[in-house]
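# Chains, contacts and geometry: an overview
The lines below spell out each chain.
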There are 2 protein chains.
Amino acid sequence: MFLLQTCRAGQIWINLILLGVSAWSTTGIHPASADEGMWLFNDLPAAKLQERYGFTPTEAWAEHIRLSSVRFNSGGSASFVSRHGLVITNHHVASDTLQKLSTAEDNYVRDGFLARSRDEEIAAPDLELNQLVSIEDVTDRVNSVVTGDMSASDAFKARRAAMATIEKASLDATKLRSDVVTLYGGAAYHLYRYRKFTDVRLVFAPETQAAFFGGDPDNFEFPRYCYDIALFRVYEDGKPAEIENFLRYSASGPKEGELVFVSGNPGRTQRLFTLDALKFLRDKYFPLRLQRLYRTEILLQQYGYNGEEQSRRARDELFGIQNSRKAYTGMLQGLQDPTFFANKAEQERKLRDTLRQDTKLRPFVEGWESIEDVIAKREKEYDKVASFSRSSRLYDIAETILLMSSEDQKPSEERLREFRDSARESLELDLFSPAPIYDDLEQVRLADALALLVEQRGGDDPLVAQVLDGKSPQERAAELVAGTKLKDIDTRRQLAKDAQAVAADQTDKMLQLARIMETEYRQLRDASDEIDEQERQAYAKITEAKVAVEGTSGYPDATFTLRLAFGTVNGYLENGQPIPAWTTIGGAYEHESAHNAQGDWKLPRSWHDHINDVNKTTPLNFVCTADIIGGNSGSPVVNREGEFVGIIFDGNIQSLTADFMYTDTVARAISVHSSGIREGLRTIYQAPELADELGR
Amino acid sequence: MFLLQTCRAGQIWINLILLGVSAWSTTGIHPASADEGMWLFNDLPAAKLQERYGFTPTEAWAEHIRLSSVRFNSGGSASFVSRHGLVITNHHVASDTLQKLSTAEDNYVRDGFLARSRDEEIAAPDLELNQLVSIEDVTDRVNSVVTGDMSASDAFKARRAAMATIEKASLDATKLRSDVVTLYGGAAYHLYRYRKFTDVRLVFAPETQAAFFGGDPDNFEFPRYCYDIALFRVYEDGKPAEIENFLRYSASGPKEGELVFVSGNPGRTQRLFTLDALKFLRDKYFPLRLQRLYRTEILLQQYGYNGEEQSRRARDELFGIQNSRKAYTGMLQGLQDPTFFANKAEQERKLRDTLRQDTKLRPFVEGWESIEDVIAKREKEYDKVASFSRSSRLYDIAETILLMSSEDQKPSEERLREFRDSARESLELDLFSPAPIYDDLEQVRLADALALLVEQRGGDDPLVAQVLDGKSPQERAAELVAGTKLKDIDTRRQLAKDAQAVAADQTDKMLQLARIMETEYRQLRDASDEIDEQERQAYAKITEAKVAVEGTSGYPDATFTLRLAFGTVNGYLENGQPIPAWTTIGGAYEHESAHNAQGDWKLPRSWHDHINDVNKTTPLNFVCTADIIGGNSGSPVVNREGEFVGIIFDGNIQSLTADFMYTDTVARAISVHSSGIREGLRTIYQAPELADELGR
């Protein structure tokens, strides 16, 4: 599934820091070929589209698609599909919310959900949806504060302050969420303004058995037969929001060979990484990440064996981990192929030779040398633990409250970036979320995180001794979870606004632990910020060099912001066998039979109940050549007329190397077909009103 | 399950080298308290038994138990239970053989097996069973060849040669398998002579659902309800072997509080490891081992998803890995408990203080200092890969044949130890085994091992480049498996006896790979041998010091050779709840209901077919305080009269720290009860002849 490879929205930056890429420093500039490209909406490849497909996107067309597109801050994409605020995304993007809404009695993840009327629509606990309203170039304002003689640390702080100031001013003036996005590695900074929806209600989700038919074994494979959709509705002032820009529904979906567009939020690519940076990913970062994923996958499997309820509690996180594990395995396999590196090396050598031969261009070579230095620094810190926040929600809350209590004493523009004023509303939505927290699961995850700390630093390390406080990881985890009041939302609210109360509270065990970790955390964070700044400057140089030599601006690496990709609906050859572009609803039943309805190849009861009345020739899933990546899950696929023809939910296994390089020989994006969606709602889920509302 | 933590018998030494313990250097001497101790049969704790239990083992009693005991060289224990060669062990010890005998059509691992007559008994492909016939002290002969001025490397070679010479002479003189075993870390060397059985036939095995009822979640837990037994019969000259010493069968099994004995082959303990050595295990070795286990567990799970047949092929190995993962997790948790280390540190400090205060004893402190140095050396090499033989059976064969072709040019006593003449028969039994090799599974495992090599050394490493030969790990693995003739047993036989043919064969891909790895492998092996010798000398010194201070010889650390443990049948308190010493057959049905017969809590059909006629009050599993560890699986439990009262199959989770320290507060050994075994055979499996043959 093409989910963003993170757990919680509030932690995206940690994930990216671990990757060695700060959230606003991801970079790259690409002379695109074929259907390659994740294009900025304010810089669409009009000439290329005209040349290849005889199609020129008008400004009105692009604006309509942009305003119809929706970002799920929990890590996916979506679109408006009715004037009454109906939003369509994937089941696996909704899964985080379904999990938070579920209880031992009502398991919406497994069993799905259908609101028979608007009254029955259920409010999501902490969802924030974003609609991209405008883009403004603020490059000069961000760059003007950094002077050539500044240290990396000072430059980082100056830039951070400039960005926070711009965002705050924009928020105050427009009341819109305002984010400065770093593009082309610091060669460009754009201010993105979003309309925010935080009253988001669940309308419909199918069963996991339908949405994730074939399970982990079929994940990232094609042919596929997944009904991977979910419907939400955004509300304003207690009423369904009136949405001007929404996607009309195509009568028939796409045809073979048809040009289609994907509008969504690809999370992260590393296409312009230097050879050194890619080697770091291959030899250090990905192996470590996979080690951790294996470990947590086994841990959650084991926890789930304790019973049906435990299995339910761990389900969404286990799914995310399995999905990441499979995705990273594919990426690492791509990187471990010697021919991939030989090609990359040859490209880089040529470019650097060209630079060296030109007196004016020669200084740009420093960009690569600086990245070499950046990588050497990252190798020293990439496997350090700075926080338990990825393992324990209670720790995550404690850490946020503790950091906030001192950050809030500073002016907004000097704070750690996530604590700036303009981001406060989104931060609080997450921090005060009523989503359930399960003590037993917290304990298991935290005990494992504590054990990992012992393993990483050795049992004799002074920080380890302080953290364990003379107890085994298991005993200490039990004590920490039992000894915190942070499960209570009112307590969180009180502490979040009262720094003195935080300082005065010396008894809450989880706050104590966050306090023990704080110095280490801040040191690591500072070091990381400094390296990020060096990286930003280096990639800006490399970007300039590439523009000078290759003479094109192309598109920047993905940044989990809105992009437009395009491609055609086409099958491919795999080991000499033609793989057709489509599957059908009937194919799902056949696929089930072929696997004797074993394991994850078991369709839910609803599908069997309607096996005779559903139209089996209706297309269910299809593939196209559009350039997508994790984060694109839930992106609408539209045709030239801007009509909804499908929804992205995955890429095939061959597409996983798209992080580093686009290809269209066998790599494909996978979508649920618009006709399949409607037929499913109408016949299988007996929801004709919803089927009719789509596109109206 | 208390299986020896290794995969294949032929590879035990690799496993132990990875652990930083050579197979013949494991050591330790223990002033035993309570029911502690894995006692040598030629040095039983008669005084202690008399004092605690008023029982003195006579020489005849001990000899009978010893001769009734059987070692499975595949990694477990067993005993003779009839005069006609019937051998009882665990299903999970037999599992390796069941897997090798199974096909897509006959899945003996899952479905079990029952020979209705002797004609139907099936020959195991490569089983070697050992009966310990005599023990001789050869300490002086082994030690006399090592002089004080020898380098560690020379000392190692001299000792290895002396051992090989003693073994060869014994083999020639007695025709018995002859192994010199290093005890007390080189303070003692004993020559063990075994009667060998290699015509071993499968008689009975229950279904996995009965043997491993509760599966991975219940593993290492108690209360338990496992029918974990299997029956084999040893043959000689095509007829059931006549066995003089076999265990009579107890009429009723053990009573609460009764003294019982366990005769089996504990694999390995580290009870006398120094603090430094234990820290190495805690901070380096166990974390690494667990990382690898997580990785392979996920890999085999994924492979198994490809279909029922794949799942069957991977089953035994996956079970072994899950079992090891759970065992190592328990051990590491024990080591990560700060109180454990505080106790160990205090003990060691006291002992060393005593030594320092005595001029004569002071030089012994060097032992600890030398271990410190040993550990520093091990830290540099413990994560190096020297071989793919643990991942690929075909590679294992190639490596063995290649090494053998040059080792065999040397005199027996100068060869790598596994190639000495006296071990040749056992080596060939393994090398020429007709056990099935599955190309697809080989390929998946080898691709992963190749990928691991890239991760460990980096994609730019020269050896990696040579190994991959310009291909991705997946492509290369496919090429290697397709490009070897070693699946053919006749080819193996021909190459094994013809060094010139091996040298001449430059086309076999797997031999090519073994050749690429050979230099590296030998370097690492030499370095490891040298460190082992240093360790041996250091622990011999520590042992002497302890005897001098504590004045007792105790028992040596486990060495996968026959030991006698003792204890009483007793329940325990867990979180304040009393856990009774017994479970019953009826309890198994209740346990199934309590888990809604979900997952691994589903009893097989045979148990349901006889739910009404089986005697539900019959004891099924019981616990006792005997001191056991991995390798003890299948050990007979006998009473004072030397009668069979049960069979060890596991320890509870609290016993897993027995590697480092014995306790009897809550740690327990778990057995199948003799009465349960008989009732199961008679009623559930409808095999009254077998039930009657037991003990006669």
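Look above for the structure.
Structure report, in brief. (Residues numbered from 1 in each chain as written. Chains lettered and ligands numbered in written order. Predicted model: local features only at pLDDT ≥ 70, side-chain atom pairs only at ≥ 80, totals over all residues.)

### Observations regarding the overall build of chain A
Scanning chain A for helices and strands turns up 25 helices and 21 strands. Projected onto its principal axes, the C-alpha positions of chain A cover 65 × 65 × 50 Å. Across chain A, every contact between residues at least 6 apart in sequence was considered, and the portion connecting residues at least 24 apart equals 79%. (Helix = DSSP H or I, 4+ residues; strand = E, 2+ residues; numbered from the N terminus. Contact = placed C-beta atoms within 7 Å.)

### So, the relation of the copies chain B and chain A
For the match of chain B to chain A, the screw axis carries a shift of 0.0 Å, the RMSD comes to 0.0 Å, and the turn is 180 degrees. Here the two chains are linked by the operation of a two-fold rotation axis. Of every C-alpha in chain B, the one belonging to Tyr294(B) sits nearest the axis of rotation, 2.8 Å from it. (Least-squares fit on C-alpha atoms with pLDDT ≥ 70 in both.)

### Some thoughts on the pairing of strand β13 (residues 259–264) of chain A
All names here are of chain A. In terms of burial, β13 is a largely internal element, 5 of the 6 residues being buried. In this sheet, strand β14 (residues 563–568) lies alongside β13 in antiparallel orientation, the contact comprising 6 bridges. Counterpart to Val262 in the pairing with β14 is Ala565. One ladder, built from 2 bridges, connects β13 with strand β19 (residues 636–638); its direction is antiparallel. Each bridged residue has a counterpart across the sheet, and for Phe261 the counterpart in β19 is Val638. (Buried ≥ 20, exposed ≤ 12 C-beta atoms within 10 Å, placed from the backbone. Pairing = 2+ DSSP bridges.)

### Things to note about the environment of Asp408(A)
All names here are of chain A. Positionally, Asp408 belongs in the loop between α14 (393–407) and α15 (424–431). For Asp408, a count of 15 C-beta atoms within 10 Å gives the class partly exposed. Put simply, Asp408 and Asp498 are 90 residues apart on the chain and 9.9 Å apart in space, counted from C-alpha to C-alpha.

### A few points about the interface of chain B and chain A
The interface of chain B with chain A comprises 30 residues on the first partner and 29 residues on the second. Broken down by element, the side of chain B that touches chain A gets its largest block of residues, 9 residues, from helix α10 (residues 275–304) of chain B. Classifying every residue of the side of chain B that touches chain A by side-chain character gives 11 nonpolar, 9 polar and 10 charged. (Nonpolar A, V, L, I, M, F, W, Y, C, P; charged D, E, K, R; others polar.)

### As for the sheet that holds strand β21 (residues 669–673) of chain A
If you trace the 8 strands from one edge of the open sheet to the other, you get β1-β14-β13-β19-β20-β21-β18-β17 (chain A), paired in antiparallel fashion. Bordering the open sheet on either side are β1 (39–40) and β17 (582–584) of chain A, each of which pairs with just one other strand.

### Considerations on the environment of Leu416(B)
All names here are of chain B. Relative to the elements of secondary structure, Leu416 occurs in the loop between α14 (393–407) and α15 (424–431). C-alpha separation for the pair Leu416 and Asp529, spaced 113 residues apart in sequence, amounts to 10.0 Å. Not counting the four nearest positions on each side in its chain, Leu416 is found in contact with Leu403 and Glu407.

### Quick word on the packing of helix α16 (residues 439–457) of chain B against helix α18 (residues 473–482) of chain B
Residue and element names in this part refer to chain B. It is at 8 Å that the axes of α16 and α18 come closest, and there the two elements cross at 135 degrees. On the basis of their axis angle, the class for α16 and α18 is oblique. For the pair α16 and α18, the sense of crossing is right-handed. Contacts between α16 and α18 pair Asp439, Glu442, Gln443, Leu446, Ala447, Leu450, Ala451 and Val454 from the former with Pro473, Gln474, Arg476, Ala477, Ala478, Leu480 and Val481 from the latter. (Axes fitted to C-alpha atoms, helices over the stretch in contact; angles between N-to-C directions. Parallel < 35°, antiparallel > 145°, perpendicular 65-115°, else oblique. Left-handed = near helix turned anticlockwise from the far one by under 90°.)

### Comments concerning the pairing of strand β20 (residues 644–651) of chain B
Residue and element names in this part refer to chain B. Counting buried residues in β20 gives 8 out of 8 residues, a clear majority hidden from the surface. For strand β19 (residues 636–638) and β20, the ladder comprises 3 bridges, and the chain directions are antiparallel. For Pro636, the partnering residue across the bridge sits in β20 and is Ile647. The antiparallel hairpin formed by β19 and β20 contains 5 residues in its connecting segment, where Gly642 sits at a positive phi of about 75 degrees. Pairing analysis gives 5 bridges linking β20 to strand β21 (residues 669–673), with the strands arranged antiparallel. Bridge pairing in β21 links Asp650 to Ile670.

Read these as layout, nothing more, since geometry by itself doesn't imply function.
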